[in-house]
Amino acid sequence: MSDTSSKPGSEPPPSERAPGQRSNPGEWLQLRGFTKWIALAALIGVLGGIAASAFTELVDAATEHGFGRVAGTTEGGVLRTANPLLVLAFPALGGLLVGLTIHLTGTERDGAGTDAVIRAFHRMKGRVRGRVAAVTAVASTLTIGSGGSGGREGPISQIGAAIGSTIADRLHFSDRDRRLMLMAGGSAGVGAMFASPLGGALFLPEVMYRRGEFEGDAIIPCVVSSSVAYATFGAILGEERAVMIPREVAEHLSFGGLKQIGGFIVLGILAAAVGWLFVHGIRAVERLFKSLPLVPAVMRPALGGLLVGGIALALRPVVEGPGVAFSGYALVESTLSGALELKVLTLLIVAKVLATAVTAGSGGAGGLFAPALSLGAVLGAAVGMGADTIFPGLDLNPSEFALVGMGGFFAGVAKVPIAAVVMVSEMTGNYDLLAPLMIVAVVHMTLSTRWSLYPSQVGGPVDSPAHVGEYIVDVLQSLKVSDVLDSSMQPTLIHETTTLRRAMRIVSDSRETHFPVVDDDGNLVGIFSLSDLRRIFLEHEVQDIVVARDFMREQVATVTAEDSLHDVQKLFTRRGVSALPVVDGLDTRRVVAFLKRNDVGKAYAERLKELKGASNAVSGPRPGA
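Residues numbered from 1 in each chain as written. Predicted model: local features only at pLDDT ≥ 70, side-chain atom pairs only at ≥ 80, totals over all residues. Heavy atoms only, no water.

**Description of the overall build of the protein chain**
Heads up, the rule is: Strands here are runs of E lasting at least two residues and helices are runs of H or I lasting at least four, both read from the DSSP assignment and numbered beginning at the N terminus. The classification of residues rests on relative accessible area computed with a 1.4 Å probe and restricted to protein chains. Under 20% of the type maximum is buried, over 50% is exposed, and intermediate values are partly exposed. In this description, contact between two residues means that some pair of their heavy atoms is separated by no more than 4.5 Å.
Per the secondary structure count, the protein chain includes 24 helices and 8 strands. Of all 625 residues assigned to the protein chain, the portion counted as buried reaches 54%. In the protein chain, the share of contacts with a sequence separation of at least 24, taken over all contacts with a separation of at least 6, comes to 77%.

**Thoughts on the environment of Phe 203**
Positionally, Phe 203 belongs in helix H8 (residues 197-207). Taking the C-alpha atoms as reference, Phe 203 lies 8.2 Å from Ile 418; in sequence the two are 215 residues apart. Here Phe 203 is in contact with Thr 114, Glu 153, Val 190, Phe 410, Val 416, Ala 419, Met 423 and Tyr 454, once residues within four sequence places are set aside.

**With respect to the pattern of salt bridges**
Where we set the bar: Here, a salt bridge means any side-chain nitrogen of Lys or Arg that lies within 4 Å of a carboxyl oxygen of Asp or Glu.
Taken as a whole and assessed by the stated rule, the structure comprises 11 salt bridges. Two residues, Arg 152 and Asp 60, come together in a salt bridge whose shortest N-O distance is 2.4 Å. With Arg 152 in the loop between helix H5 (130-145) and helix H6 (153-170) and Asp 60 in helix H1 (residues 34-65), this pair connects stretches of sequence that are 92 residues apart. Put simply, Glu 562 and Lys 480 hold a salt bridge, and the shortest N to O gap is 3.1 Å. Residue Glu 562 is located in the loop between strand S6 (559-560) and helix H23 (565-575), and its partner Lys 480 is located in the loop between helix H19 (468-477) and strand S3 (494-495); the two are separated by 82 residues in the primary sequence. Judged by its relative accessible area of 53%, Glu 562 falls in the exposed class. Taking the relative accessible area as the measure of exposure, Lys 480 reaches 37% and is therefore partly exposed.

**Let's talk about the confidence of the model for the protein chain**
Rules: One number per residue, pLDDT, summarises how confident the predictor is, and it ranges from 0 to 100.
Averaged over all residues, the pLDDT of the protein chain is 83; the fraction at 70 or higher stands at 89%. Note on residues 4-31: pLDDT under 50 across the span, and 33 contacts to partners over four residues away in sequence or across chains. In this model, residues 614-625 is a region of pLDDT below 50 whose contacts with residues beyond four sequence positions or in other chains number 14 contacts.

**Considerations on the sheet that holds S6**
Quick reminder of the rule: One requirement defines pairing of two strands: DSSP has to find at least two bridges between them. Helix axes use the C-alpha atoms of the stretch in contact, all axes being lines fitted to C-alpha atoms, and the angles between their N-to-C directions lie in the range 0 to 180 degrees.
What the 3 strands build is an open sheet, ordered S6-S7-S8; its pairing is mixed. In this open sheet, the two edge strands, each paired with only one partner strand, are S6 and strand S8 (591-596). Strand direction decides the pairing type here: S6 and strand S7 (residues 579-583), joined by 2 bridges, are parallel. Its bridge partner being in S7, Thr 560 is matched across the sheet by Val 583. Along the sheet, H23 makes contact with S6, S7 and S8, crossing S7 at roughly 135°.

**Notes on the sheet that holds strand S5 (residues 524-529)**
Pairing within the open sheet is mixed, and its 3 strands lie in the order S3-S4-S5. Each edge of the open sheet carries a strand with a single partner, namely S3 and S5. The pairing of strand S4 (residues 514-518) with S5 spans 5 bridges and is antiparallel. What sits directly across from Val 517, in S5, is Gly 526.

**Regarding the pairing of S7**
If a strand is regular, its side chains alternate between the two faces of the sheet. Counting buried positions over the 5 residues of S7 gives 5, a clear majority of the element. The side-chain alternation of S7 yields two buried faces, one formed by Ala 579, Pro 581 and Val 583 and the other by Leu 580 and Val 582. Here S7 runs beside S8; their pairing, made up of 5 bridges, is antiparallel. Bridging from a neighbouring strand, Pro 581 pairs with Phe 594 of S8.

**Let's talk about the packing of helix H15 (residues 369-390) against helix H16 (residues 398-414)**
Convention followed: Just so you know how the angles are binned, under 35 degrees is roughly parallel, over 145 roughly antiparallel, 65 to 115 roughly perpendicular, and the rest oblique. The handedness criterion is simple: a crossing whose near helix is rotated anticlockwise from the far helix by less than a right angle is left-handed, and one whose near helix is rotated clockwise is right-handed. Gly counts as polar in this scheme, as do all residues outside two lists: the nonpolar Ala, Val, Leu, Ile, Met, Phe, Trp, Tyr, Cys and Pro, and the charged Asp, Glu, Lys and Arg.
Contact geometry for H15 and H16: axes closest at 6 Å, N-to-C directions at 135°. When the axis of H15 is compared with that of H16, the two are oblique. Classified by chirality, the crossing of H16 by H15 is right-handed. The residues of H16 that touch H15, namely those facing Phe 369, Ala 372, Leu 373, Leu 375, Gly 376, Ala 377, Leu 379, Gly 380, Ala 381, Val 383, Gly 384 and Met 385, are Pro 398, Phe 401, Ala 402, Gly 405, Met 406, Phe 409, Phe 410 and Val 413. Looking at the contact of H15 with H16 residue by residue, the classes come out as 16 nonpolar, 4 polar and no charged.

**Topic: the packing of aromatic side chains**
Defined as follows: Side-chain rings of Phe, Tyr and Trp, where Trp is taken by its six-membered ring, are said to pair if the distance between their centres is within 6.5 Å; with planes under 30 degrees apart they count as stacked, over 60 as edge-to-face, and otherwise as tilted. The rule is short: NZ of Lys or CZ of Arg within 6 Å of the ring centre and within 35 degrees of the ring normal puts a charge over the ring.
For the structure on display, the rule yields 10 aromatic pairs. An angle of 65° between the planes, with centres 4.3 Å apart, marks the rings of Phe 369 and Phe 410 as edge-to-face. Within this pair, whereas Phe 369 is found in helix H15, its partner Phe 410 is found in helix H16, the two being separated by 41 residues in sequence. What links up through ring pairs into an aromatic cluster is the set Phe 194, Phe 203, Tyr 329, Phe 369 and Phe 410. Positioned above the aromatic ring of Phe 121 is the side chain of Arg 179, whose terminal nitrogen or guanidinium carbon lies 5.9 Å from the ring centre. A cation over a ring is seen here: Lys 415 above Trp 451, with NZ or CZ 4.7 Å from the ring centre.

**Looking at the pairing of S4**
The element S4 is extensively covered by neighbouring structure, given that 5 of its 5 residues are classed as buried. Neither face of S4 is left uncovered, since the one carrying His 514, Pro 516 and Val 518 and the one carrying Phe 515 and Val 517 both have all their residues buried. The pairing of S3 with S4 spans 2 bridges and is parallel. Paired with His 495 across the strands is Val 518, a residue of S4. Counting the residues that bridge the hairpin from S4 to S5 gives 5 residues, and of these Gly 522 lies at a positive phi of roughly 80°.

Structure (structure tokens):
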């Protein structure tokens, strides 16, 4: 390859700096050493555990003294003695305060907290502003405390991610390291909040992608931060599982083997159907609220709160006890204990989908993890109860189906089969149902490849802007110019003595935009383009006098058939040209082809498609492909 451009110099390593030259403030912590990773992840874990403790206390206080006490609710359901006006008004007031908080702080609220973290990883170089996390905490507390159907997972993952991102910024880390610390912070919050250190460690690395892949480099820091956060949270608030299963129920939870597999497959199929309704319901309500011209954005959460209060009030004559308000953990515990009838469970599925869609779609804060778990538990209990009624001889336990439904439902809607299975097992303290959990998760994942609860997810690392440079370099370096040459790239050569009139006639019959100029031996001496001709084509009196060598450009960058497309792409960028002559490797001035910039992009896309096809042929079809 021939190019007259100079290459930019690289920054000298620390050992080669001149005395007194300033160093990067975070250079001593560039995360090259295992010890430094442990130390930083542990620090993030401590801060994440403290943040999770504070947020838990804040939400619990708001829930107890807010909708629960003022309006008269119990475990998310409305008491028969409750004042209907307060049941409607209090969630609306909470929504109004959420709208005002977001409006007055000028902070964007675009999607659930976890989705914001995913978007920050892929699109924002791992940056989550501390102010956004603070506003999310306040808005989520107001939403959940006033009866909104939202959970704590989204907000705490965003708060933890902001901690990791802020530390990385303070230490002037690279974009790649900031992304890893973002995930370590998010894992710390989730692992602490849900008493699930391993599940929390796996959740953030897995939720970034739809196809069941992990952000592998983040596993170690996420394991450390999640474990330390879990220990910190327990030291502050005491160790307690996120979902409490009565002892008499837990003693009878076990996998019945082959006779129960059919029931769990049916559960996986129904989970995909309800999951589709859940995800698309949220999207539809979002579009509906955004299309209301007479309702300003600041008022939309208030309208959503009013509707949630109406749904909760409508359930009062039918459902005694747990309802659709709050995160839904009381609903989970009621289904695990077998306290609800089949018709009530069926009604709660529809009501919880509506309440969550209205809360999230209207602009209310709060996560979607807990509502999804409660939906899965209710669906699982309903399937188990229905199956036991139809096939009494199988001795099916609806409580087992409820627990399996929790993990299987969330695995499919969030595309986190491994993390969901582990988290549900840790949250409940029961590991006897791992096999059916995995069955339902796989069935749900297989049937739900085209949609996800988190729209910012991408298919896999190759689809992520966070990795785009790595994959482009790898693919283009593996290709040579000779790999993309074909007969269609034969150039239109112009002899250096060709007159302007003759050159214009040749150009008019050609589809090319650049024309190499050669001498008697066929060696390249210059090049001209349509732009060069445009400056002189009106000079009629000299068309038979001016020849090609008079208006050609002599400085020509060339490539050979053996050059890599990665180097060629860099040459295109440096020279700012859209086409380059390909010369014979033995005689570097004899033109054999003409390579266009678009040919490189086409070759990259085709090669990437081949690699994906080969990968699928080896591993089988992948969800989302």
